[in-house]
Each structure stands twice: as structure tokens, then as C-alpha cells.
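Notes for the structure review
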Amino acid sequence: GSEKPFKLRPMQAGDLEAAANVCFKAFNTFNKLVHIPPEFEHIAETIGAYSSYATEGVYGFVITDKKDGKVLGANLIDCRDPTAMIGPIAVATVRQSKGGGRALMEAVISTAKKLNMKRIRLCANLSNPISFSLYVKLGFNPHFSCGEYVGILKPSN
């Protein structure tokens, strides 16, 4: 049937580390697959990104396994500016393409609508056609694309 194997709910303090772990693994696994540098060097970066869920005007959601309650994905929306910003969104690699990403996106879009936000945006890796397809299906239009280049600085002696 159409019953989902996950439950969607607001993010809570106890979800932070698990959500950050899912994001860290999902982003870096994908980047490795397409031969680009890791999105995050350290798990602390994703913990930092998701810890803003507790800030007024920022709303977080998770999907959890219906059987064991394990966090399988997370998403944020920051509504503190006139244009709300979505992300980071991540779903555990073993659970991708099962509707979790859509549920997380619909939750943040619904939140923005309830708050009468006029515009929402997100930044996405253009190398990921699955997420790109989802965003287009949800009504997002590519505004512009750019390449981000990172240089690694070696310590000078």
C-alpha cells in the first residue's frame, strides 16, 4: 500500500546528533560517488547546521523509522528573512527514493505557507538529478547555477 515506513515530526533536541550524522553520511557518500570533494570535513559542521533548529524563526523536521524510531532524515527552514531558506535536507542513503525527502520538503513548504512567507529558496548540488527532479516537481525553478571552487591552503613553514 501507500503507507510510508517512516513518521514525520518536528525536530527535537534528542534528534540533533542523529540528524547531523545522516546529513554528514548522505552528502559525503553522494559526493564521493560523483568524484567531488566532501561537502563536510567534520561531523561538527552538520551538528552546527542542524543546531539552529532551536532558534526562533527556524523550524526543523525529521523522519523516523516507524519500527524503531531511528532518525532517517532531516530538514530545516529558516524563516527569519523575507525569503525563507531551506536546508540542509538529507535522507539516509538506505532510505532514499522512498518519499522521505518529499515529506521533509512538504513539511518546510507548509511551514512557510502558514507563516505567510512569500518566497522560499534552497541551494542544491546540480550533480544530483534525483533531488533536482524533486525540487522541480515541488514547484522550484532553477534561478541560477554556479560552480563553487575550493582551494586547499597548505601551512607555510
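Below: a short report on this structure. Keep in mind that this is a model prediction, so the values were computed, not measured.

Looking only at helices and strands, one finds four helices and six strands in the protein. Its helices and strands in sequence order give the protein the pattern β-α-α-β-β-β-β-α-β-α, from N to C terminus. Scaling as 2.2 N^0.38, a compact globule of 157 residues should have a C-alpha radius of gyration of about 15 Å, and the protein matches this with 16 Å. Taken along the three principal axes of its C-alpha coordinates, the protein extends 55 × 35 × 30 Å.

The terminal C-alpha atoms of helix H1 (residues 16-33), which comprises 18 residues, lie 26 Å apart, in line with the 26 Å expected from a rise of 1.5 Å per residue. Looking at the buried residues of H1, the elements they touch are helix H2 (43-51), strand E3 (71-78) and strand E5 (90-91). A positive phi of about 60 degrees marks His35, the residue just after H1.

By the definition in use, this model includes two aromatic pairs. Consider the rings of Phe27 and Phe40, whose centres lie 5.4 Å apart with planes at 50 degrees: the pair is tilted. With Phe27 in helix H1 and Phe40 in the loop between H1 and H2, the pair connects residues that are 13 residues apart, well separated along the chain. You can call Phe40 buried: its relative accessible area is 12%.

Another aspect to go through is the pattern of salt bridges. Here the structure, examined in full by the defined rule, presents three salt bridges. Among the salt bridges present, the one from Asp15 reaches Arg9, with a minimum N-O distance of 2.7 Å. Residue Asp15 is classed as buried on the basis of its relative accessible area, which comes to 5%. The residue Asp78 makes a salt bridge to Arg80 at a minimum N-O spacing of 2.6 Å. Judged by relative accessible area, Arg80 falls into the partly exposed class, the value being 48%.

Relative to the elements of secondary structure, Asn128 occurs in the loop between strand E6 (119-122) and helix H4 (129-137). Among the polar contacts listed, one links the side chain of Asn128 to the backbone nitrogen of Ile130, at a separation of 3.2 Å. In terms of polar contacts, Asn128 uses its side chain to reach the backbone amide nitrogen of Ser131, at 3.2 Å.

Before going further, it helps to spend a moment on the nonpolar core. Ranked by size, the top nonpolar core spans 22 residues in total, and within it Ile77, Ile86, Met105, Tyr135 and Phe140 carry the most contacts. Element by element, the count of residues in this core is highest for helix H3 (residues 100-114), at seven residues. Those residues in contact with Phe140, other than ones at most four positions away along the chain, are Ile86, Met105, Ile109, Ile120, Arg121, Leu122 and Tyr135. Counting 17 residues, the second largest nonpolar core, distinct from the first, contains Val22, Cys23, Val62 and Ala92.

Close contact between H1 and H2 brings their axes to 8 Å; oriented N to C, the two are set at 125 degrees. In terms of orientation, H1 and H2 fall into the oblique class. In this structure, the crossing between H1 and H2 has a hand that is right-handed. Two secondary-structure elements touch here, H1 through Leu16, Ala19, Ala20, Asn21, Cys23 and Phe24 and H2 through Ile43, Thr46, Ile47, Tyr50 and Ser51. Across the contact of H1 with H2, the residue classes tally to eight nonpolar, three polar and no charged.

Procedures and definitions
- Residues numbered from 1 in each chain as written.
- Predicted model: local features only at pLDDT ≥ 70, side-chain atom pairs only at ≥ 80, totals over all residues.
- Heavy atoms only, no water.
- Helix = DSSP H or I, 4+ residues; strand = E, 2+ residues; numbered from the N terminus.
- Rg over C-alpha atoms; globule rule 2.2 N^0.38 Å.
- Expected span 1.5 Å × (residues − 1).
- Contact = heavy atoms within 4.5 Å.
- Phe/Tyr/Trp six-rings, centres within 6.5 Å; stacked < 30°, edge-to-face > 60°.
- Buried < 20%, exposed > 50% of the residue type's maximum accessible area, 1.4 Å probe, protein only.
- Salt bridge = Lys/Arg side-chain N within 4 Å of Asp/Glu carboxyl O.
- Polar contact = N/O pair within 3.5 Å; in protein donor to acceptor, adjacent residues only side chain to side chain.
- Core = buried A, V, L, I, M, F, W, Y, C linked by side-chain atoms within 4.5 Å.
- Axes fitted to C-alpha atoms, helices over the stretch in contact; angles between N-to-C directions.
- Parallel < 35°, antiparallel > 145°, perpendicular 65-115°, else oblique.
- Left-handed = near helix turned anticlockwise from the far one by under 90°.
- Nonpolar A, V, L, I, M, F, W, Y, C, P; charged D, E, K, R; others polar.

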